[in-house]
Amino acid sequence: MKTSAEWKALSESVALQGQAFIKGQFQDAVSGETFPAINPATAAKLADIASCDAADVDLAVEAAREAFASGVWSDLSPGDRKRALLRLADLVERHADELAVLDSLDMGKPIAEMVSIDVPDSIDCLRWTAESIDKLYGEIAPTGHDTLGLIRHEPVGVVAAITPWNYPLMMATWKIAPALAAGNSVVLKPSEKSALSALRLAGLAKEAGIPDGVFNVLPGFGHTAGKALALHNEVSVLAFTGSSRVGGLLMEYAGQSNLKRVWIEAGGKSPMLVFEDCEDIEKAASTAAAAIFSNQGEVCIACSRLYVQSSIRERFTGALLEAAKTYQPQDPLDPETRMGALVDKTQLETVARYIQSAIDEGGRVLAGGVPEAVAGQGYFVEPTIIGDARNSMRFVQEEIFGPVLAVGEFSDEAEAIRLANDNRYGLGASVWTGNLSRAHRVSRKIQSGMIWVNGWGGGDSTMPFGGMKASGYGRDKSLHSLEKYTDIKTVWINL
Ligand code: NAD
């Protein structure tokens, strides 16, 4: 890995592309408006980003629709689309350091996480999905002998993808890889807080030979570009990752327009349950710290609610506090850094408000505390652990999206399950036990889309990623992700 000085040098020389990418060209927003991209570690401006709105959405969707209708991509054989996407994966790999620096600068993530998680995961998602597309077969229905019933999976047309800022490159590839592999055209709207890597990806897609109009990127705000995309009648599928609140709005927009299919991957408030028969308390404690402090807690699957069996609470908390000390917020471009800066001042203020509310409701600060924004400096928050947490407290129920851990306790398995499920979200859950039967029993009872036993965050391109309840119902990755971007067509042939 590069040294701190080498990452800094790259951050000073890397090109920052802020224009929209429509029909294979980088261009300004029709209005000419821009907004600043801010480096949250320094509060300094990085670049001007095109502020796209409904006029740009019309251009991009029209380009995507035309490209789809022309068959330049949609009519390619799956094998040809595979080869183009594999070229894109190779280019992402060749430009890995550049992409790593862009996201780290744009949203404050430690460069070490970009290098070990975001970039390799994005490459793997592109390659795995590309490789899968020419290995899928259609079906023939068991009809009578005088008919032939074909069940085909066809691309839907124009897919709009709206993504968040916490894993900018990775969330973009989780959407575009299956959508493009299936033969669709795509308009991607990255978060206004982190558009740089998506725009770089657009340039690489062109270099990889993905035809003009097939992949477009529109930076802009949610209430302008995002809303116009969601309301557009030529968009057939809307794939979203972000907050549950905005997910709900998108479902309304679909109802007000063309009943486009909307796939929601939303927020979380994931529990971690540590039973007294856990075989490695130290490992569980260090994983509990990683599960809330990595990426500054700005992780949809962050285990922000920790419940420990009463008999081991004291020992576990001691180990947890030791582990938390290794997550001091520092310069994201230093490869030793394990916790960077929060994405912006608003996020820092939100986190501060939740910590204060935890204190007001009787929570006991065991580490960290209420942060303050200091003018002209970055948005850094200490890893914060609040004990005596109860499910009736607001900070235990709501998604904070910052490095704040609520620690509560339970007496037996039934109470652990009840506490874990007593929340509107259902994205992930982590269960620590040495008892195999308990691992299965608890995994079955917890209302979450993903359960990790004796670990947290595990998963690769072969496993679907997504939640239940207010965490949404969309699934990224695996062959199941392709189902989101295809229609079923039946052909009944009289013989
Ligand atoms: P957000 O909902 O504020 O924004 C997400 C995207 O929606 C952005 O691109 C934004 O511009 C756009 N948007 C906002 N308002 C819109 C509107 N009215 N119409 C159309 N688009 C609109 O979320 P965020 O703050 O960017 O991301 C954090 C959230 O994402 C957290 O809740 C986190 O848990 C969630 N998340 C979920 C997953 C998952 O896989 N389930 C993964 C990562 C993040």
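Residues numbered from 1 in each chain as written. Predicted model: local features only at pLDDT ≥ 70, side-chain atom pairs only at ≥ 80, totals over all residues. Heavy atoms only, no water.

1. Regarding the site of the ligand
Argument step 1. Lining the immediate environment of the ligand, one finds 30 residues, of which Thr163, Glu192, Ser243, Ala266 and Glu399 sit closest.
Argument step 2. A distance of 2.9 Å separates an oxygen atom of the ligand from a polar side-chain atom of lysine 189.
Argument step 3. At a separation of 2.6 Å, an oxygen atom of the ligand approaches a polar side-chain atom of serine 243.
Argument step 4. In isolation the ligand exposes 850 Å². Once the protein is present, 91% of that is buried.
Argument step 5. Only α8 (222–231), β10 (237–241) and α9 (244–256) provide two or more residues apiece to the shell around the ligand.
Argument step 6. Ranked by residues supplied to the shell around the ligand, first place goes to α9 with four residues.
Argument step 7. Each residue belonging to the shell around the ligand can be placed in one class, and the counts come to 15 nonpolar, ten polar and five charged. (Near = heavy atom within 4 Å. Polar contact = N/O pair within 3.5 Å; in protein donor to acceptor, adjacent residues only side chain to side chain. Areas by Shrake-Rupley, 256 points an atom, 1.4 Å probe, with all protein chains shown as cover. Helix = DSSP H or I, 4+ residues; strand = E, 2+ residues; numbered from the N terminus. Nonpolar A, V, L, I, M, F, W, Y, C, P; charged D, E, K, R; others polar.)

2. Side note on the packing of aromatic side chains
Argument step 1. One pass over the full model with this rule turns up seven aromatic pairs.
Argument step 2. A cation sits over an aromatic face here: lysine 109 above tyrosine 167, 3.4 Å from the ring centre.
Argument step 3. Across the ring face of tyrosine 327, the terminal group of arginine 338 is positioned such that the distance to the ring centre comes to 4.3 Å. (Phe/Tyr/Trp six-rings, centres within 6.5 Å; stacked < 30°, edge-to-face > 60°. Lys NZ or Arg CZ within 6 Å of the ring centre and 35° of its normal.)

3. Looking at the domain arrangement of the chain
When the parts of a complex come together, some accessible area is lost, and that lost area is often taken as the interface size.
Argument step 1. The assigned domain composition of the chain is domain 1 (4–266) and domain 2 (271–460).
Argument step 2. The partner domain 2 presents 28 residues to the 24 residues of domain 1 that form the contact.
Argument step 3. Taken over both partners, the interface formed by domain 1 and domain 2 buries close to 2000 Å², and the fraction arising from carbon and sulfur atoms is 59%.
Argument step 4. By the criterion of area lost to domain 2, the three top residues of domain 1 are Pro40, Pro110 and Trp165, representing 22% of everything that side buries.
Argument step 5. Viewed at the interface, domain 2 and domain 1 are joined by one salt bridge.
Argument step 6. Where lysine 193 meets aspartate 344, a salt bridge forms, and the shortest distance between an N and an O atom there is 3.2 Å.
Argument step 7. Inspection of the region where domain 1 meets domain 2 yields eight residue pairs in polar contact (both at pLDDT 80 or more).
Argument step 8. Here the side of domain 1 that touches domain 2 is composed, by residue class, of 13 nonpolar, seven polar and four charged. (Domains from an automatic or database assignment. Contact = heavy atoms within 4.5 Å. Buried area = accessible area lost by both parts, 1.4 Å probe. Salt bridge = Lys/Arg side-chain N within 4 Å of Asp/Glu carboxyl O.)

4. Quick notes on the pairing of strand β13 (residues 303–309)
Argument step 1. A large share of β13 lies buried, amounting to seven of its seven residues.
Argument step 2. Bridge count between strand β12 (residues 270–274) and β13: five bridges; the pairing is parallel. Bridge pairing in β13 links valine 274 to valine 308.
Argument step 3. Tracing the backbone out of β12, into helix α10 (residues 281–293) and back to the parallel element β13 gives a crossover that is right-handed.
Argument step 4. Pairing between β13 and strand β16 (residues 404–410): five bridges, direction parallel. Residue pairing for β16: leucine 306 is matched across the bridge by valine 407. (Buried < 20%, exposed > 50% of the residue type's maximum accessible area, 1.4 Å probe, protein only. Pairing = 2+ DSSP bridges. Right-handed = clockwise from strand over helix to strand, strands pointing away.)

5. Section: the packing of helix α3 (residues 78–94) against helix α7 (residues 196–207)
Argument step 1. Contact geometry of α3 with α7 gives a least axis separation of 9 Å together with a crossing angle of 130°. Considering the angle they form, α3 stands oblique to α7. Between α3 and α7 lies a crossing of right-handed hand. Listed contacts from α7 to Leu88, Leu91 and Val92 of α3 are Leu201, Leu204, Ala205 and Glu207. (Axes fitted to C-alpha atoms, helices over the stretch in contact; angles between N-to-C directions. Parallel < 35°, antiparallel > 145°, perpendicular 65-115°, else oblique. Left-handed = near helix turned anticlockwise from the far one by under 90°.)

6. Quick look at the environment of glutamate 282
Argument step 1. Mapping glutamate 282 onto the fold places it in helix α10.
Argument step 2. Look at glutamate 282 and you get partly exposed, because its relative accessible area is 45%.
Argument step 3. The spacing of glutamate 282 and glycine 318 is 36 residues in sequence and 9.6 Å in space, taken between C-alpha atoms.
Argument step 4. With sequence-adjacent residues up to four places away left out, glutamate 282 is seen in contact with Arg315 and Ala319.

7. Re the sheet that holds β16
Argument step 1. The seven strands lie next to each other as β14-β15-β16-β13-β12-β18-β19, forming an open sheet whose pairing is mixed. Pairing within the sheet leaves two strands with one partner each, and these edge strands are β14 (364–367) and β19 (450–453). The sheet shows a mean angle of 25° between the axes of neighbouring strands, direction not considered.
Argument step 2. Sheet analysis places strand β18 (residues 428–432) next to β19, joined by four bridges and oriented parallel. Bridge pairing in β19 links alanine 429 to isoleucine 451.
Argument step 3. Contacts from helix α11 (residues 313–324) reach β12, β13, β14, β15 (384–387) and β16 within the one sheet, and its direction differs from that of β13 by about 145°.
Argument step 4. Strand contacts of helix α12 (residues 345–360): β14, β15 and β16, with the helix running at about 25° to β15, the strand carrying the most contacts.

8. Quick word on the state of the cysteines
Argument step 1. On inspection of all chains with the given rule, the structure shows zero disulfides.
Argument step 2. Of the cysteine sulfurs around cysteine 278, a residue in no disulfide, the closest is that of cysteine 303, at 14 Å.
Argument step 3. Overall, the relative accessible area of 8% leaves cysteine 278 in the buried class.
Argument step 4. Its sulfur unpaired, cysteine 300 is 11 Å from the next cysteine sulfur, which belongs to cysteine 303.
Argument step 5. A relative accessible area of 17% places cysteine 300 in the buried class. (Disulfide = S-S within 2.5 Å.)

9. With respect to helix α4 (residues 96–107)
Each α-helix winds once per 3.6 residues, and so residues spaced three or four apart point in a common direction.
Argument step 1. Taking 1.5 Å per residue as the helical rise, α4 with its twelve residues ought to reach 16 Å, and the 17 Å between its terminal C-alpha atoms agrees with that figure.
Argument step 2. Judged by how many residues are buried, α4 sits mostly within the fold: eleven of twelve residues are covered.
Argument step 3. Looking only at α4, the buried set comprises Ala96, Glu98, Leu99, Ala100, Val101, Leu102, Asp103, Ser104, Leu105, Asp106 and Met107.
Argument step 4. Glycine 108 lies just past α4 and shows a positive phi near 90°. (Expected span 1.5 Å × (residues − 1).)

10. Observations concerning the UniProt feature "active site" (unreviewed entry) in the chain
Argument step 1. Sites flagged by UniProt as "active site" (unreviewed entry) map to Glu265.
Argument step 2. If you trace the backbone, glutamate 265 turns up in strand β11 (residues 261–265).
Argument step 3. The class of glutamate 265 is buried, set by a relative accessible area of 4%.
Argument step 4. When residues no more than four places from it in sequence are discounted, the contact partners of glutamate 265 are Lys175, Phe240, Thr241, Gly242, Phe465, Gly466, Ser471, Gly474, Arg475, Asp476 and Lys484. (UniProt positions renumbered as here; feature names shortened; annotations may be inferred.)

11. What about the nonpolar core?
Across soluble globular proteins, nonpolar side chains show a tendency to be buried alongside one another.
Argument step 1. Within the largest apolar cluster, 104 residues are counted, with the highest numbers of intra-cluster contacts made by Leu88, Ile210, Phe215, Leu306, Phe316 and Leu320.
Argument step 2. Top contributing element to this core by residue count: helix α6 (residues 168–181), with ten residues.
Argument step 3. Taken domain by domain, this core gets at least three of its residues from each of domain 1 (4–266) and domain 2 (271–460).
Argument step 4. Beyond its immediate sequence surroundings of up to four residues, phenylalanine 215 is in contact with Phe21, Ile176, Val186, Leu188, Leu201, Ala202, Ala205 and Ile210. (Core = buried A, V, L, I, M, F, W, Y, C linked by side-chain atoms within 4.5 Å.)

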